[in-house]
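These are the residues of each chain, in order.
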Amino acid sequence: MSNAAPILSLRGVTRRFGGLVAVRDVDLDVVPGTIHGLIGPNGAGKSTAFDLVSGVTPVSAGTIRFDGRDVTHLPVHMRVEAGICRTFQTPRLFEAMTVLETVLTGRHRHARCGFLGSMFSLGAKARDEAQQTEVALRLLALVGLDGEADTTVSGLSYGARRKLEIARALATEPRLLLLDEVASGLNPVETEFVAGIIRRLAAEGMTIVLVEHDMRFIMGLCERVTVLNFGARIADGPPVSVTGDEAVIEAYLGRPRTDATPRREARRQHG
Ligand SMILES: Nc1ncnc2c1ncn2[C@@H]1O[C@H](COP(=O)(O)OP(=O)(O)O)[C@@H](O)[C@H]1O
Ligand SMILES: [Mg+2]
């Protein structure tokens, strides 16, 4: 682990829905350039945490800092401009758009070409439409959808929709990318492909927070993992220390470790 100042920092973050506390007093630090896992059983508050960081939902209490700046009360578009972008657990795409148009919607505010520029060897700026299209096509190639540029979203498979959501998020040139169950519903080949994209983005310096139920996916990618249960953080650390943690095992299995419940059952519970 590096000692770099966290790029994302949550302190005492809480979100209530009426009497329900979906996220409870959560502290979280994400080191820049790392892949950080956010896991926990169904209903633990993972997607709500992403809603809070991305600005989709306001906090009930606490502070969110991104890159040293307090973003707690910024609207979504200003957080996107600051470099925070997320995907949704259920892809939110416009059925009537083409694949290329979808990615271009991610670019309308953004002619930065920061990491994309270096990744794709583009010039310092990509301002005009032809260049925007070029960027979008390269993003489609990155996620394996370059043959589908003119396909309408309604004609896409589930796996292709997931990949398109990633491409659209990348089009905003995030420095922090929040991926909510991006591998769910993908077959093993697609899952490995998406893992490869995530590794490549992290190698380019992007910071990624992953919410995922597939433990092998998380353990194979993440340098650090935070575990939520009933909205509260119950563990945080390198994957090996977290999976051996008594409270985590209990949260996943619903009973103490001494009970010889097979891991398979844990997966079924939160899958
Ligand atoms: N908009 C909402 N209104 C009311 N309750 C919500 C809302 N969003 C989430 N919740 C509740 O908050 C809890 C956490 O949900 P969520 O963040 O989706 O969990 P996870 O992503 O970990 O499965 C759940 O009990 C869920 O029903
Ligand atoms: Mg969720």
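Residues numbered from 1 in each chain as written. Chains lettered and ligands numbered in written order. Predicted model: local features only at pLDDT ≥ 70, side-chain atom pairs only at ≥ 80, totals over all residues. Heavy atoms only, no water.

> Can you walk me through the overall build of the protein in this structure?
A tally of regular secondary structure across the protein gives 11 helices and 10 strands. Within the span of the protein, comprising 271 residues, buried residues form 52% of the whole. When contacts within the protein are restricted to residue pairs at least 6 apart in sequence, those whose partners lie at least 24 apart make up 64%. Surface summary for the protein: the accessible area is close to 12200 Å², and the carbon and sulfur share equals 52%. (Helix = DSSP H or I, 4+ residues; strand = E, 2+ residues; numbered from the N terminus. Buried < 20%, exposed > 50% of the residue type's maximum accessible area, 1.4 Å probe, protein only. Contact = heavy atoms within 4.5 Å. Areas by Shrake-Rupley, 256 points an atom, 1.4 Å probe, with all protein chains shown as cover.)

> Even after reading the chapter, I still don't get the sheet that holds strand β5 (residues 69-70), so can you show me in this structure?
Two orientations exist for strands paired in a sheet by backbone hydrogen bonds: parallel and antiparallel. Strand order in the open sheet formed by four strands is β2-β1-β4-β5, with antiparallel pairing between adjacent strands. With partners counted over all chains shown, the strands left at the sheet margins are β2 (20-30) and β5, one partner each. The pairing of strand β1 (residues 8-17) with strand β4 (residues 61-66) spans five bridges and is antiparallel. For Ser9, the partnering residue across the bridge sits in β4 and is Arg65. Sitting on the sheet, helix α1 (residues 46-54) is in contact with β1, β2 and β4, with an inclination near 115 degrees to β1. (Pairing = 2+ DSSP bridges. Axes fitted to C-alpha atoms, helices over the stretch in contact; angles between N-to-C directions.)

> So what exactly am I meant to see when it comes to the pairing of strand β3 (residues 35-39) here?
Within a regular strand, the side chains alternate between the two sheet faces. Counting buried positions along β3 yields five of five residues, so the element is predominantly enclosed. Every second residue of β3 is oriented toward a common face, with Ile35, Gly37 and Ile39 on one face and His36 and Leu38 on the other, all of them buried. Strand direction decides the pairing type here: β3 and strand β8 (residues 207-211), joined by four bridges, are parallel. Across the sheet, the residue bridging to His36 is Val209, located in β8. Here four bridges tie β3 to strand β9 (residues 224-229), and the two strands are oriented parallel to one another. Paired with Ile39 across the bridge in β9 is Val227.

> I tried to follow empty space enclosed by the protein on my own but got confused; where do I start?
Rolled over the atoms, a probe as big as a water molecule pinpoints where empty space is left. Taken as a whole and judged by the stated rule, the model has one cavity of 30 Å³ or more. For the largest cavity, the full set of lining residues is Leu8, Leu10, Leu28, Leu38, Ala49, Phe50, Val53, Leu178 and Val209. When residues of the lining of the largest cavity are traced back to their parent elements, those giving at least two are β1 and α1. Ranked by residue count, the leading element in the lining of the largest cavity is α1, at three residues. Residues of the lining of the largest cavity, tallied by class, amount to nine nonpolar, no polar and no charged. (1 Å grid on protein atoms, 1.4 Å probe; cavity = no way out; pocket = protein on both sides within 12 Å on 5 of 7 lines; lining within 4 Å. Points joined across faces, edges and corners; volume = space filled by probe spheres on them. Nonpolar A, V, L, I, M, F, W, Y, C, P; charged D, E, K, R; others polar.)

> I keep staring at the packing of aromatic side chains and nothing clicks. Help me out?
Two aromatic rings, taken as a pair, are described by how far apart their centres are and by the angle between their planes. Enumeration over the complete set of coordinates arrives at zero aromatic pairs. In this structure, Arg92 is placed above the aromatic ring of Phe88, and the distance from its NZ or CZ to the ring centre is 3.7 Å. (Phe/Tyr/Trp six-rings, centres within 6.5 Å; stacked < 30°, edge-to-face > 60°. Lys NZ or Arg CZ within 6 Å of the ring centre and 35° of its normal.)

> What is the right way to read helix α5 (residues 129-142) from this model?
Helical geometry: 3.6 residues make up each α-helical turn, so side chains three or four residues apart lie on a common side. If you check α5, its first and last C-alpha atoms are 20 Å apart, about what 14 residues at 1.5 Å a residue would give, namely 20 Å. Gln132, Val135, Ala136, Leu139, Leu140 and Leu142 are the residues of α5 that are buried. The buried residues of α5 occupy an angular sector of 155 degrees when the element is viewed end-on, so they sit on one face. Just beyond α5, the residue with positive phi is Gly144, at close to 80 degrees. (Expected span 1.5 Å × (residues − 1). Arc of directions from axis to C-beta.)

> Is there a simple way to explain the side chain of Thr87 in this structure?
Locating Thr87 in the fold gives a position in the loop between β6 (84-86) and α3 (99-105). For Thr87, a relative accessible area of 1% gives the class buried. At 3.2 Å, the side chain of Thr87 forms a polar contact with the backbone nitrogen of Asp180. (Polar contact = N/O pair within 3.5 Å; in protein donor to acceptor, adjacent residues only side chain to side chain.)

> I tried to follow the coordination of the magnesium ion (ligand 2) on my own but got confused; where do I start?
In ideal tetrahedral geometry, four donors around a metal make angles of 109.5 degrees, whereas ideal octahedral geometry with six donors gives angles of 90 or 180 degrees. The coordination sphere of the magnesium ion (ligand 2) contains the protein donors Ser47 (OG) and Gln89 (OE1), at a distance range of 2.1 Å. Placement of Ser47 in helix α1 and of Gln89 in the loop between β6 and α3 is noted, with a sequence separation of 42 residues between them. A residue is classified by how much of its surface remains accessible, and Ser47, at 22% relative accessible area, is partly exposed. According to the relative accessible area criterion, Gln89 is partly exposed, its value standing at 32%. (Donors = N, O, S within 2.8 Å, 3.2 Å for Na, K, Ca; no water.)

> Looking at this structure, I do not really get unusual backbone geometry. What am I missing?
A negative phi holds for most residues other than glycine; trans holds for most peptide bonds. For Glu181, which is not glycine, the phi dihedral falls at a positive 55 degrees. By relative accessible area, Glu181 is classed as buried at 7%. Phi is positive for Phe230, close to 50 degrees, though the residue is something other than glycine.

> Help me out: how do you make sense of the sheet that holds β3 in this one?
Reading across from one edge, β6-β7-β8-β3-β9-β10 is the order of the six strands in this open sheet, with mixed pairing throughout. Of all strands in the sheet, those bounded by a partner on one side alone are β6 and β10 (232-237). Looking at each pair of strands side by side, their axes are set apart by 15 degrees on average, direction ignored. Each of β3, β7 (176-180) and β8 touches helix α7 (residues 188-203); the most contacted strand, β8, lies at about 150 degrees to it. Each of β3, β9 and β10 is contacted by helix α10 (residues 246-253), which is oriented at about 125 degrees to β10, the strand it contacts most.

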